[in-house]
Each structure stands twice: as C-alpha cells, then as structure tokens.
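# Summary of the model geometry
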Amino acid sequence: MRWLPVFFGLLVFARVPLLIAQEGDSLDWDIDAVFGEAPDTSTKEKEASGGAAKDSTVSTLIRGGASVRKEEPSDIDALFDEPDTSEEEDESSGDSEGFTVSALVRRRGFTFDASFGFSGGIAPGWNEAPWFPEEDSVFTFSPGVKMTASLGLDLQISEVFRVKTGVGFEIPKFAFTLKDFFFDYIFYNAVFVRGGKYALTWGISPNYQFTNLLARVPAGGPSGDSFILKADIPIGIGGIQVLGQTRANLMGGAIPSGESIGLGGKYNLALRWADFDLGAFYQKNMPPRSFLSIKTTIGNTELYHEWMIAFNFDEFSMTSGAANIGFAHDFFDSRLSLNGELFFNAEENAWGYIQETNLREAYTSPFIDGLNLALNLLYRIDGRGNPRIFTQFLYAPMENSAQFVPGFRLNPWSHIEFYAAMPMALGSRDGYYYTHTFILDNQNRPRRFSLMLLLSLNGSFQYGRYF
C-alpha cells in the first residue's frame with residue numbers, strides 16, 4: 001500500500017474527500033470543454049430552423065450530476081424532477097394553460113438535423129524535439145483535408161417513447177458511420193430508460209478522466225463503441241442510475257458474451273453547497289472499481305475532488321487507487337479562465353478507451369502513473385473575430401516528462417474558425433509524454449514537436465414539427 005501516504009497527504013491538503021482518475025488524451029482536449037463553454041452558433045443558423053425545436057436546456061434544471069460533462073442533454077433527462085401528470089390531465093384542456101412543462105417537452109413530433117464540416121491545414125514538425133541531435137530528427141510536412149456530413153432524426157413517438165438516430169460519412173476515406181442510435185422510454189413517469197449506441201461519461205476532471213469508469217477496458221479486450229442500457233430513478237434531490245455496457249463489435253454481428261458485458265451504477269446527491277456522485281463498475285478481466293466525486297462553488301471559484309479505488313479481493317494489499325483535486329476560476333470579468341489540477345495515480349496496468357476525434361481515430365491508452373499536474377488557461381480578447389489565446393500544460397514530475405500546447409483560435413467570419421497551436425513533448429525521451437505523443441504524421445509516425453494550422457468551416461440545419 002505504498003500509495004497511502006500520498007493519498008492521505010492529498011486528503012489533508014484538500015480537506016474534502018478524494019478520488020481516482022484517468023489520463024485524458026490531449027488530442028481530445030477542447031478549450032471550450034475544459035471551461036464548460038458551448039460552441040458558437042450564428043444567428044442565421046438559429047433562424048434557419050423550419051419549426052419549433054425542443055428546449056434542451058430544461059435538462060440543466062433537473063440534472064443532479066456533479067459535472068456538466070456527463071452526457072448529451074436530452075429531453076428525457078429534463079423530466080426527472082417533473083410532477084407525475086396523467087395523459088388525461090394533459091389533454092383535458094385545449095388552451096395553453098392546460099399544458100404542463102412535461103407535456104410541452106414530450107410533444108409528439110420529430111426533429112430533423114443535418115450538418116456539414118470541412119477542415120484543412122498543415123502540420124509541419126519533427127519526430128524528435130529540435131534540442132536533440134539533428135541526425136535523429138526527421139521533418140515531415142503533413143498536409144491534410146477532411147470533409148464530413150451527417151443526418152439525424154429525433155422522433156418523439158409518444159409522451160413516453162422517443163427514438164434518436166443518425167448517420168455520417170466522410171472523405172478522403174469514404175466511410176459511413178452510425179452515430180448515436182438509442183431509444184428512451186418512461187415507466188410511470190418515475191423510471192427513465194435509455195438503450196442503444198451512445199457514449200456516457202462519469203466523473204468531473206477535464207484533464208485526467210480516471211473516474212470515468214465506463215471508459216475502462218481490459219488489456220486486449222473489446223474496445224469499440226459503447227452500447228448501453230441504463231435506467232435513471234429520481235430520488236428526492238438526487239437519483240440512482242444502473243446500467244449494463246458492452247463494447248463488443250455489435251456492428252459486425254458479434255453477440256456479447258458475459259466477459260464483454262460490464263455492470264455498474266451510481267448515486268447522485270445534489271445539495272445546495274455541493275454535488276456528490278458515488279458509483280461502481282465491474283467487468284470480467286478487470287478489477288471492481290468504485291469512485292466518489294465532489295464539486296462545490298466558493299465565490300467565483302469551482303472546486304472539485306475525486307477518488308477511485310481498484311479492489312483486489314485475492315490479495316487485498318494490492319488494492320490501489322487514484323485521487324485528484326482541482327479548481328476553475330474566472331478573472332477580469334470572465335476574460336481570463338484558469339483551471340488547475342493535481343492528480344496522483346497508483347493503479348498500474350490500467351487502460352482506457354479514447355473516443356474518435358476530428359484529428360485521429362479511436363484507440364486505447366494506458367493511464368499515466370504517479371504524481372501529475374495540469375494547468376489550462378484561456379484568455380478572451382475583445383474585438384472582431386472573437387480571438388482567444390489558450391495554453392495547456394501537463395507535467396509528470398516522477399517521469400521527468402511534460403506536454404505543452406500553446407495556441408490561439410479566431411472566428412473571422414460566420415461558421416469559419418482558424419486554429420494555430422504548437423504541441424510539443426518536453427523532458428526525458430523515456431518519459432510518458434514523449435513515448436505517448438498524440439500527434440502523428442501521415443505515415444502514423446510520432447511527432448514530438450510540430451506547428452498545427454487548421455481552418456474549418458462548419459454549419460448545421462434543424463427542422464422540427466410537433467403536434
């Protein structure tokens with residue numbers, strides 16, 4: 001139990017309970033996601049909708065989770081705290097005063113959406129940092145272009161039954177993909193069930209997602225997209241969630257076996273002064289894991305604290321875990337946002353599934369060991385184009401390794417974004433961030449020092465019809 005002294009040291013420093021975490025891949029890092037910001041949407045795009053759209057923000061009123069990153073907002077989620085109202089009462093009056101919020105949110109109808117994206121850029125760089133001997137360094141230019149499109153349908157069949165699905169395709173590698181494909185069903189306005197293909201996230205940390213137990217995968221086991229059947233049961237000011245999950249290749253016709261199905265659940269308690277999440281997850285060929293996360297706000301500062309335990313019932317002395325403590329604070333009328341986190345991981349040989357992004361395919365990655373620090377900074381500049389300067393710094397002192405990503409973002413015109421960033425791996429050649437670099441060239445060779453210039457054009461259209 002060599003990790004216990006550090007574990008309790010964090011506890012004394014934080015004066016609040018601790019938790020275990022997983023290393024998030026920096027390629028997935030989104031400066032808006034770190035600070036909880038919504039993507040920009042132009043006014044013209046909002047006005048292009050051909051019908052009334054459902055107000056998904058209602059879900060924020062009832063969500064008891066400790067993190068805004070938990071899952072995609074949905075109308076079913078928004079109903080958790082609604083009073084029990086029968087269909088007879090909903091339909092008893094023809095005027096607007098006879099409708100409840102529940103009936104308005106669950107109106108029969110459909111929403112059709114379509115989106116398009118184009119991105120192109122260059123990423124000149126080296127497979128070795130410039131300060132290492134030149135004979136070991138290889139320069140590559142790595143230009144790239146990508147076009148994507150998607151079509152989706154959100155169908156409210158009845159007040160208790162909803163289905164959502166979507167497909168997408170892209171070039172230059174012409175490929176069709178099935179996006180979210182799930183159903184929602186409500187039993188007695190008290191049990192909310194969702195089943196199908198979608199991603200669900202537990203935990204808080206935007207840097208080390210170790211409490212996201214649903215992303216854990218066994219070494220050499222199934223590691224594809226997640227298929228989940230879950231039930232949410234509201235209880236007072238919180239609720240219980242139970243689920244089963246598999247990452248078996250259902251798209252390829254595979255039948256999930258007992259080894260590929262994981263079972264878990266969590267309890268949420270939302271108090272005025274803090275949010276609590278307590279959960280557990282188990283799948284064969286992995287240790288049973290449990291986590292606790294706490295988030296509170298003091299003044300203009302958000303504080304969060306998490307811990308996780310991986311049990312070893314055969315040899316209890318080998319039980320291990322991880323913990324973190326972090327904060328987020330805004331300065332200068334929210335122009336400057338700062339996020340910092342301290343994370344210690346004592347669990348060895350742990351793997352996590354990293355979802356696909358616009359820059360790379362999905363893959364599995366080991367968790368980083370030992371003590372880690374993260375710092376994210378975002379500065380918003382007034383002026384045309386909404387310019388923003390951002391920086392991410394990840395440091396593993398026990399590995400003598402670090403990752404540094406400075407850059408900026410600009411929106412010169414509607415729907416158009418320009419990114420410039422310079423990701424680099426610092427420290428020892430044997431360190432974690434040098435051996436697990438997240439930037440690859442066109443031949444999938446690692447690049448430890450590069451300049452990324454990206455121009456993207458994105459837009460979407462939505463049409464709704466309700467009865």
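In this report, we go over the structure that sits alongside the text. Not measured: the values here are computed from a predicted model.

## Observations regarding the packing of aromatic side chains
Summed over the entire model, instances satisfying the criterion amount to 18 aromatic pairs. Seen in terms of ring centroids, Phe331 and Phe332 are 6.3 Å apart; in terms of plane orientation they differ by 45 degrees. Their pairing is tilted. Under the relative-accessibility criterion, Phe331 is labelled partly exposed at 31%. What makes Phe332 exposed here is its relative accessible area of 58%. A ring pair is formed by Phe408 and Phe418, whose centres lie 6.0 Å apart and whose planes are at 55 degrees; its orientation type is tilted.

## Overview of a nonpolar patch on the surface
Taken together, the side chains of Phe116, Phe118, Val145, Met147, Phe169, Ile171, Phe174, Phe176 and Leu457 define a hydrophobic patch exposed on the protein surface, amounting to about 820 Å² of accessible area. Those elements giving two or more residues to the nonpolar patch turn out to be strand E1 (109-122), strand E4 (143-156) and strand E5 (161-171). Structurally, Phe174 is set in the loop between E5 and strand E6 (175-187). Judged by its relative accessible area of 59%, Phe174 falls in the exposed class.

## Thoughts on the sheet that holds strand E8 (residues 216-217)
With antiparallel pairing, three strands are arranged side by side in an open sheet as E8-E17-E18. Edge positions in the sheet fall to E8 and strand E18 (363-366), since each has one partner strand and no second. Two strands pair when backbone bridges link them, and strand E17 (residues 351-354) and E18 are joined in this way by four bridges, in the antiparallel orientation. Residue pairing in the sheet places Tyr353 in a bridge with Thr364 of E18.

## Considering the pairing of strand E14 (residues 301-310)
Pairing of strand E13 (residues 289-298) with E14 involves ten bridges; the strand directions are antiparallel. Within E14, the position partnered with Ile294 by the bridge is His305. In sequence, E13 turns back onto E14 through a hairpin of two residues, with Gly299 there showing a positive phi of about 65 degrees. Across ten bridges, the pairing between E14 and strand E15 (residues 320-331) is antiparallel. Bridge assignment links Glu302 to a residue of E15, and that residue is Ala328.

The rules we used
- Residues numbered from 1 in each chain as written.
- Predicted model: local features only at pLDDT ≥ 70, side-chain atom pairs only at ≥ 80, totals over all residues.
- Heavy atoms only, no water.
- Phe/Tyr/Trp six-rings, centres within 6.5 Å; stacked < 30°, edge-to-face > 60°.
- Buried < 20%, exposed > 50% of the residue type's maximum accessible area, 1.4 Å probe, protein only.
- Patch = residues over 30% accessible without salt bridge, like charges linked within 9 Å, V, L, I, M, F, W, Y side chains within 5 Å.
- Areas by Shrake-Rupley, 256 points an atom, 1.4 Å probe, with all protein chains shown as cover.
- Salt bridge = Lys/Arg side-chain N within 4 Å of Asp/Glu carboxyl O.
- Helix = DSSP H or I, 4+ residues; strand = E, 2+ residues; numbered from the N terminus.
- Pairing = 2+ DSSP bridges.

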